[in-house]
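# Remarks on the overall topology
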Amino acid sequence: MSRCWGPVAMLAMLGAVAHADDDDNTAVQLHGFVSQGGLLTSANNYLAHTEHGSLEFTEAGINFTKPIDERLSVGMQLFARDLGPEGTYSAKFDWLQIDYRWKDWLGFRAGRVKVPFGLYNDFADIDAAQPVVLLPQSIYPETNRNFLLAQTGVEAYGYHSFDDLGALDYRVYTGSLYLTIPDAQGIHFSDIAVPWLVGGRVFYETPLEGLRGGLSVLAGEIDADYSYPSMPALGQLAVTLVQTNFLGSLEYAKDGILLQAEYLWSHSKTTTIAPVWTKAEGMYGLAGYRWRPWLQQTLYYSLTYPDLRQTSGRDHHQHDAAMSFRFDVGPHWLLKLEGHFLRGTAVLDPTLNDNTPRDQLQNQWWLLTAKTTVYF
Amino acid sequence: MRWLVVLALVLAPAVAAEPIALHVIVNAKNPAKSVDKREVAEAFLKKRTRWDDDSAILPVDLNQKSSVRERFSRDLLGRDVASVRRYWAQIVFSGRGVAPPELGSEADVVKYVAAHAGAIGYVASGTDLTGVKVVEVE
């Protein structure tokens with residue numbers, strides 16, 4: 001997924017012809033967004049160099065969808081972002097797919113397809129679709145966005161209504177990821193491959209309007225070689241990571257009220273010379289209310305345990321209490337202001353903090369963030 | 001204290017407007033005489049895309065500032081227009097579909113529904129319904 005400005009030009013041309021088609025139902029639909037944010041922490045650099053404030057928090061996307069007929073459509077979205085060391089504005093295909101909706105209860109997508117995982121994963125990079133700036137990092141870490149939001153493969157999906165008994169919304173998929181792992185702590189990774197990835201998500205929409213619950217599963221394997229450039233005598237070593245994630249979701253959304261809770265349980269087996277098993281946990285509860293059509297307030301509490309073998313000590317957990325305000329300034333423009341109080345250092349990157357070990361970083365810290373988005 | 005008064009005025013619920021009587025309309029050739037409320041919601045959120053005869057359902061919306069749309073969204077979709085817009089942002093930007101067309105006036109909605117066999121729309125009562133028919137919402 002390297003730079004691809006050719007497709008940008010193609011999208012621009014499609015935009016130019018989008019209004020030339022008189023039939024609303026098969027016309028090309030063009031949408032896009034640009035976001036700019038800022039981050040400031042009271043201590044510790046988080047996601048970028050934030051101790052003195054950072055504006056390295058920019059996102060842009062543009063997509064088109066062309067319905068070919070009642071059942072078949074094609075589309076793509078280009079996405080670029082800058083967030084500290086992540087992104088650097090390289091345009092990537094966020095999704096690129098053929099969609100065939102045979103029946104309401106069975107359709108297929110093929111190509112680069114967004115990964116459904118919980119309430120937010122498949123649109124986690126779309127600010128306009130969320131009530132907050134930073135989604136709960138226990139489930140949707142910003143650092144995963146470069147590779148866990150979409151997979152290349154196939155997906156079957158459907159929706160089946162049981163009338164007064166509610167409805168099921170389901171998706172299953174298999175494919176692969178194309179990812180890079182940056183050098184970290186003196187280790188260089190190469191020959192990275194994802195030989196398999198499989199998962200699914202099902203939501204049950206209850207007869208109580210606005211209430212739904214669901215389960216997501218995501219499992220996959222990553223193979224890679226690694227080496228220590230400072231110790232060339234060790235040569236190339238191999239590592240295999242097999243991970244399975246289960247995520248339970250509950251949501252009530254009605255009349256301006258938004259209540260959500262999710263619980264993640266993750267199990268991974270890392271094999272170098274001998275296998276090492278790790279279990280991780282993440283969870284959050286969120287409550288929001290839309291006071292006015294243009295003003296929504298949201299509170300959440302998020303908790304992460306990256307390794308359940310050890311949960312005490314500042315570097316083994318992350319507590320995050322957040323309050324956010326979303327102002328819909330106009331039909332295509334929004335502004336968000338958000339404050340976080342964090343306890344723990346588990347989500348911090350030592351390389352952003354002068355290689356200070358996590359157990360020596362500030363235990364309690366604040367994060368203030370603001371973001372504005374224009375979309376159409 | 002002044003800022004508290006200002007805050008209260010900003011956050012206070014809007015004064016209840018006169019209720020708007022709505023009609024859900026379909027093409028005159030559509031055999032349906034009534035539709036379930038849940039089916040209407042599923043059709044406008046494009047979770048249900050087929051009529052019983054397997055022809056395509058073509059929902060059509062009014063523009064976002066329309067008071068008729070606000071009433072329709074609250075009463076039949078169970079959410080306000082802002083929530084519906086966020087729903088469509090989720091769908092559109094994750095590649096899962098496209099939103100229904102948004103038309104500028106109820107006359108345009110009637111014209112669209114009259115021209116498309118599978119269309120379904122909504123208008124305030126009193127709108128000229130030439131070429132379409134009203135279906136009862138159960």
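Below, the structure is looked at part by part. Predicted model only: the values in this text are computed from it and were never measured. (Residues numbered from 1 in each chain as written. Chains lettered and ligands numbered in written order. Predicted model: local features only at pLDDT ≥ 70, side-chain atom pairs only at ≥ 80, totals over all residues.)

## Quick word on the overall build of chain B
In plain terms, the rule: Put simply, DSSP H or I for four residues or longer makes a helix, DSSP E for two residues or longer makes a strand, and each gets a number counted from the N terminus. A residue is called partly exposed when the number of other C-beta atoms within 10 Å of its own lies between 12 and 20, exposed at 12 or fewer, and buried at 20 or more, with C-beta atoms placed from the backbone. Note on contacts: residues are paired as contacts if their backbone-placed C-beta atoms lie within 7 Å.
On a plain count of helices and strands, chain B comes out with five helices and seven strands. Across chain B, helices and strands are ordered from the amino to the carboxyl terminus as α-β-β-α-β-β-α-α-β-α-β-β. Per-residue burial over chain B gives 41% buried out of 138 residues. Sequence-distant contacts, at least 24 apart, represent 68% of the contacts inside chain B between residues at least 6 apart.

## Observations regarding the interface of chain B and chain A
How big an interface is tends to be expressed through the accessible area that disappears when the partners come together. For the record, the criterion: Residues were grouped as follows: Ala, Val, Leu, Ile, Met, Phe, Trp, Tyr, Cys and Pro as nonpolar; Asp, Glu, Lys and Arg as charged; and all remaining residues, including Gly, as polar.
On the chain A side, the residues contacting the 24 residues of chain B number 36 residues. Among the secondary structure elements, those contributing two or more residues to the side of chain B that touches chain A are α2 (37–44) and α4 (81–93) of chain B. With seven residues, the single largest contributor to the side of chain B that touches chain A is α4(B). Of the residues that constitute the side of chain B that touches chain A, the class distribution is nine nonpolar, seven polar and eight charged.

## Details of unusual backbone geometry
Keep in mind that most residues, glycine aside, have a negative phi and that most peptide bonds are trans. All names here are of chain A. A positive phi angle, near 55°, is found at Asp163, a position not held by glycine. Accessibility expressed as a C-beta count within 10 Å gives 10 for Asp163, which makes it exposed. For Asn355, which is not a glycine, the phi torsion comes out positive at approximately 60°. Assignment of secondary structure puts Asn355 in the loop between β15 (333–344) and β16 (364–375).

## Quick notes on the nonpolar core
Here is the rule we go by: To form a nonpolar core, buried Ala, Val, Leu, Ile, Met, Phe, Trp, Tyr and Cys residues must be joined through C-beta atoms within 7 Å.
Core analysis: the biggest nonpolar cluster contains 71 residues, and A:Ala128, B:Ile25, B:Ala89, B:Val109 and B:Val113 have the highest contact counts within it. Those residues in contact with A:Ala128, other than ones at most four positions away along the chain, are A:Phe33, A:Leu334, A:Thr373, A:Tyr375 and B:Ala89. Membership of the second largest hydrophobic core comes to twelve residues, among which are A:Leu39, A:Leu47, A:Ala48 and A:Leu342.

## Section: the sheet that holds strand β1 (residues 22–27) of chain B
Residue and element names in this part refer to chain B. The criterion, for reference: A pair of strands counts as paired when DSSP detects no fewer than two bridges linking them.
Reading across the sheet, the five strands line up as β2-β7-β1-β6-β3 and stay open at both edges, with mixed pairing between neighbours. With one partner strand each, in any of the chains shown, β2 (34–35) and β3 (58–59) form the two edges of the open sheet. Where β1 meets strand β6 (residues 119–124), five bridges bridge the pair, whose relative direction is antiparallel. Within the sheet, the bridge partner assigned to Ile25 lies in β6 and is Gly121.

## Comments concerning the environment of A:Leu78
Turning to its location among the elements, A:Leu78 is positioned in strand β3 (residues 72–83). Along the sequence, A:Leu78 and A:Pro275 sit 197 residues apart, while their C-alpha atoms lie 38 Å from each other.

## Overview of the environment of A:Gln130
Residues and elements named next belong to chain A. Structurally, Gln130 can be placed in the loop between β5 (106–114) and β6 (150–161). The buried category is assigned to Gln130, around which 23 C-beta atoms lie within 10 Å. It is 9.2 Å that separates the C-alpha atoms of Gln130 and Arg326, two residues lying 196 residues apart in sequence. If we skip the residues at most four places from it in the chain, Gln130 touches Tyr120 and Leu135.

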